[in-house]
Amino acid sequence: MHQITLPRPDDWHLHLRDGAMLQAVLPETARHFARAIVMPNLVPPVVTLADAQAYHSRIMAALPRDMAFEPLMTLYLTEGTDPADVAAAHASGLVKAVKLYPAGATTNSHSGVRDLTKVMPVLEKMAEIGLPLCTHGEVTDPSVDIFDREAVFIDTVLDPLRRRLPGLRLVMEHITTEEGVAYAAEGGENLAATITTHHLIINRNHILAGGIKPHYYCLPVAKREKHRLALRKAATSGSPRYFLGTDSAPHVDALKEHACGCAGCFTATNTLSLLAHVFEEEGALDKLAGFTSLNGPAFYRLPVNTATIRLEKRAEPCIWPEKIVADAGPVTVFNPGFPVHWHVLP
Ligand code: DOR
Ligand code: ZN
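Asks: For the overall build of the chain, give the residues involved together with the corresponding values.
Replies: The helix and strand inventory of the chain stands at eleven helices and 13 strands. Over its C-alpha trace the chain gives a radius of gyration of 19 Å, about what one expects of a compact globule, namely 20 Å for 346 residues. Based on the C-alpha atoms only, the size of the chain along its principal axes is roughly 55 × 45 × 40 Å. The buried share among the 346 residues of the chain stands at 58%. Considering only contacts in the chain between residues 6 or more positions apart, those separated by 24 or more positions represent 74%. For the chain, the accessible area works out to roughly 13700 Å², and carbon and sulfur atoms hold 54% of it.

In structure tokens:
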């Protein structure tokens, strides 16, 4: 099979940032994707419906005229979030999910949630109206090893929450472990999980063996090989519980290649080619459309895109820019470390 046609894909977890960075990275996503769930971890965060409306306008203003793209907005859950504002955000049609960042878990998460009991009225309202909660699924307890934080989150936060509020629709964002795969598999219709492109490609050796590679560092951090293999199996299984959320997260090189480097891999530019490569390796090209284009809309109760996109396998490898040039500085494009031959056709 040398050509594949997919319904135009969506990215169910994306960081677009703001200002000059937004301007630089938005075309990289809009070139291939019809829609994306846009993360709200700006400084200050996107907390209210009014914040989301303003951010949506800035994204649309930054979109090149010849590109079509629909940002699906999210709200950043804080301990001060008003359930009535969340209900209004849902009713407006603009906001498609609320994001839970445990305070301190990742980039710009300090306004996040410390005590889940404080946000129960919001979560109850969301369960009532069917608005999904997207979770950054890691505990922040410094005594928990960073490689165990996802599994501990599932046991100590996620599972108790879902038992308390079984009607809450929930997406486990960017799962990185076999525990995450297994939990999502058994969760029924109200549970799904996104998987990033880079977690299908790298394990923790890629970050740490032979010298630290800051451009492979993200959160949740890539785990051991058995977890990468579990993610590959899940993504290519055809199960509707798993779909693409790239977590493409641009940071300028100066902040990635730093004594305290930022977390994030920038994969917007080459994600589709990389995924075709991975799915072909797994003998599952027939499952690619489900992962990129069908399962996400089904969970979010949105129509599948009617436009299509084609990929072609060619003898010559794809050539991507090594860096995207933003006003604040260069952003390194994720380098898988092997040649990729699946070209996205214009
Ligand atoms: O690697 C990451 N980068 N993980 C996150 O959770 C946040 C993101 C960012 O905003 O840079
Ligand atoms: Zn993210």
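That covers the picture; the talk isn't over yet.
Asks: Which residues make up the coordination of the zinc ion (ligand 2), and what are the values?
Replies: For the zinc ion (ligand 2), the full set of protein donor atoms is H13 (NE2), H15 (NE2) and D247 (OD), and the range of their distances to it is 2.0 to 2.1 Å. Here the donor residues of the zinc ion (ligand 2) are spaced in sequence according to H-x1-H-x231-D. Take H13: its relative accessible area is 1%, and that puts it in the buried class.

Asks: Describe in detail the sheet that holds strand β1 (residues 3–7), supporting the description with residues and values.
Replies: Taken in spatial order, the three strands of this open sheet run β1-β10-β13, and their pairing is antiparallel. Edge positions in the sheet fall to β1 and β13 (342–344), since each has one partner strand and no second. In this sheet, adjacent strand axes meet at a mean angle of 25 degrees when their direction is disregarded. Pairing of strand β10 (residues 308–313) with β13 involves three bridges; the strand directions are antiparallel. For K313, the partnering residue across the bridge sits in β13 and is W342. Contacts between helix α10 (residues 271–281) and the sheet are confined to β1, β10 and β13, with β13 contributing the most and set at about 145 degrees to the helix.

Asks: An account of the site of ligand 1 is needed here, citing residue identities and associated values.
Replies: Near ligand 1 there are 13 residues, and of these R17, N41, L219, H251 and A263 occur at the shortest range. The protein chains hide 99% of the 290 Å² of surface that ligand 1 would expose on its own. The class makeup of the residues in the shell around ligand 1 is four nonpolar, seven polar and two charged.

The rules behind each value
Residues numbered from 1 in each chain as written. Chains lettered and ligands numbered in written order. Predicted model: local features only at pLDDT ≥ 70, side-chain atom pairs only at ≥ 80, totals over all residues. Heavy atoms only, no water. Helix = DSSP H or I, 4+ residues; strand = E, 2+ residues; numbered from the N terminus. Rg over C-alpha atoms; globule rule 2.2 N^0.38 Å. Buried < 20%, exposed > 50% of the residue type's maximum accessible area, 1.4 Å probe, protein only. Contact = heavy atoms within 4.5 Å. Areas by Shrake-Rupley, 256 points an atom, 1.4 Å probe, with all protein chains shown as cover. Donors = N, O, S within 2.8 Å, 3.2 Å for Na, K, Ca; no water. Pairing = 2+ DSSP bridges. Axes fitted to C-alpha atoms, helices over the stretch in contact; angles between N-to-C directions. Near = heavy atom within 4 Å. Nonpolar A, V, L, I, M, F, W, Y, C, P; charged D, E, K, R; others polar.

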